[in-house]
Amino acid sequence: MKTTKIIFAGGFLGAGKTTLLWEAAQRLMKKGLRVGLITNDQAPELVDTVLLSQQGLKVAEVSGSCFCCNFNGLTDAITKVSGETFADVIIAEPVGSCTDLSATIMQPLKQNWNAQLSVAPLSVLADPERLVPILDGKTADLHVDAAYIFRKQLEESDIILITKTDTLRAEALATLLERTRETFPLSTVVPVSAVSGQGIDEWLEDVLTRTDAGQRIATVDYDIYAHGEAVLGWLNGTVLLKGDTVDWDALLRTFLTRLAQRFDEAGYGVGHVKAILENESLYIVGNLTGKAHTLSLRNSAGTGDTAKLTVNARVETSPEELDALVREVLSETTRDRYESTVLAWRCLQPGRPNPTYRFAQAVNN
């Protein structure tokens, strides 16, 4: 029976997981490998799935709960992707607020799926803007319990990928690498950039050849973990927009800029806000990973009369407040100029994590 390599690329909200997944998939396919992707979220209407599908990649989505709390959903997605693509490699992106992956995902796969899967080392991505204050013992503008999740993700990792290294000077990067390796000496620390390509091939070579997957079981306080997720309101929505020769790039920029300003004014910590606006085959993607200055946009949706906007927001406020604020800003942005029709809209607060499995110790490879 063929064995498929499965790579889990975790990390806190806004770390750049989806961008890295896309870049990694492209590089693997250029080598002649067949690649499948699995995304994960607490609710459907996921920007990541839309974005990766836009690239022509085969994507399965596990929505409604995290991988660890819906292990059967994960294995169903693995089976689906494997069957449809005959995948040599599957790359799976867990929910950004999820930790304890080694105990709840890596070990049961190693024990019960070893005939079908070869599990790669657990990779955890870290955005330098959040990693530096975490190393300093601070919370990176997150609630203290959300910052706890971030640190636990790093503690259980086999590989830490410091992302967005193109934004750092050489001296700052060298210092950050040294500090991270000193703080997490059992993890391999690799600098990567989806923009410059730094480190991606080296990381792929590492995860495709190494077999030391999930070597550590983290000690996780599930009360703190649960509260760290619950401090975030989660919103997933899709809206159909219509107008007359609309500059869709300008519309998304205006919407996300206003949204960021309102979050800052209210003092709401932002886990991550993602948005993709699709104009047929054209699209623009926006990301907000903290305060307003972290807003970035890439690609272009051009102009047209009809487009679809998908928004995912993870913000430190109640679901009710988040829902009202996003709706209000969307209304302000489209008022009197565009017709908007909600196709799907869900706002929630994650429930307490309840893993399907939790292993007390690592399974031997």
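Up top you'll find the structure we're talking about.
The structure contained in this document is the topic of the report that follows. (Residues numbered from 1 in each chain as written. Predicted model: local features only at pLDDT ≥ 70, side-chain atom pairs only at ≥ 80, totals over all residues. Heavy atoms only, no water.)

Brief notes about the sheet that holds strand β9 (residues 233–247)
Now for step 1: If you walk across this open sheet you meet the six strands as β12-β11-β10-β13-β9-β14, and the pairing is antiparallel. What marks the edges here is a single partner per strand, and that holds for β12 (296–300) and β14 (339–348). The mean inter-strand angle of the sheet, taken between neighbouring strand axes irrespective of direction, is 10°.
Now for step 2: With nine bridges joining them, β9 and β14 adopt antiparallel strand pairing. Looking at the pairing, Val-239 lines up with Val-342 of β14. (Pairing = 2+ DSSP bridges. Helix = DSSP H or I, 4+ residues; strand = E, 2+ residues; numbered from the N terminus. Axes fitted to C-alpha atoms, helices over the stretch in contact; angles between N-to-C directions.)

Overview of the nonpolar core
General note: in soluble globular proteins, nonpolar side chains tend to be found buried as a group.
Now for step 1: Among the nonpolar cores identified, the biggest contains 58 residues, and Phe-8, Ile-38, Ile-78 and Leu-109 are the most heavily contacted of them.
Now for step 2: Looking at this core, the element that brings in the most residues is helix α6 (residues 144–156), giving six residues.
Now for step 3: Leave out the neighbours within four places in its chain, and Ile-38 touches Ala-60, Val-62, Phe-67, Leu-74, Ala-77, Ile-78, Val-81, Ile-90, Ile-91, Ala-92 and Glu-93.
Now for step 4: In terms of nonpolar packing, the next biggest core, distinct from the first, is built from 32 residues, Leu-241, Trp-248, Ile-284 and Val-311 among them. (Core = buried A, V, L, I, M, F, W, Y, C linked by side-chain atoms within 4.5 Å. Buried < 20%, exposed > 50% of the residue type's maximum accessible area, 1.4 Å probe, protein only. Contact = heavy atoms within 4.5 Å.)

As for the packing of aromatic side chains
Now for step 1: Summed over the entire model, instances satisfying the criterion amount to four aromatic pairs.
Now for step 2: Ring centres of Tyr-222 and Tyr-225 lie 5.2 Å apart, and the angle between their planes is 65°; this geometry places the pair in the edge-to-face category. Of the two residues, Tyr-222 and Tyr-225 are both situated in helix α9 (residues 222–230); the distance of three residues between them amounts to about one turn of the helix.
Now for step 3: Tyr-222 sits in the buried class, given a relative accessible area of 14%. (Phe/Tyr/Trp six-rings, centres within 6.5 Å; stacked < 30°, edge-to-face > 60°.)

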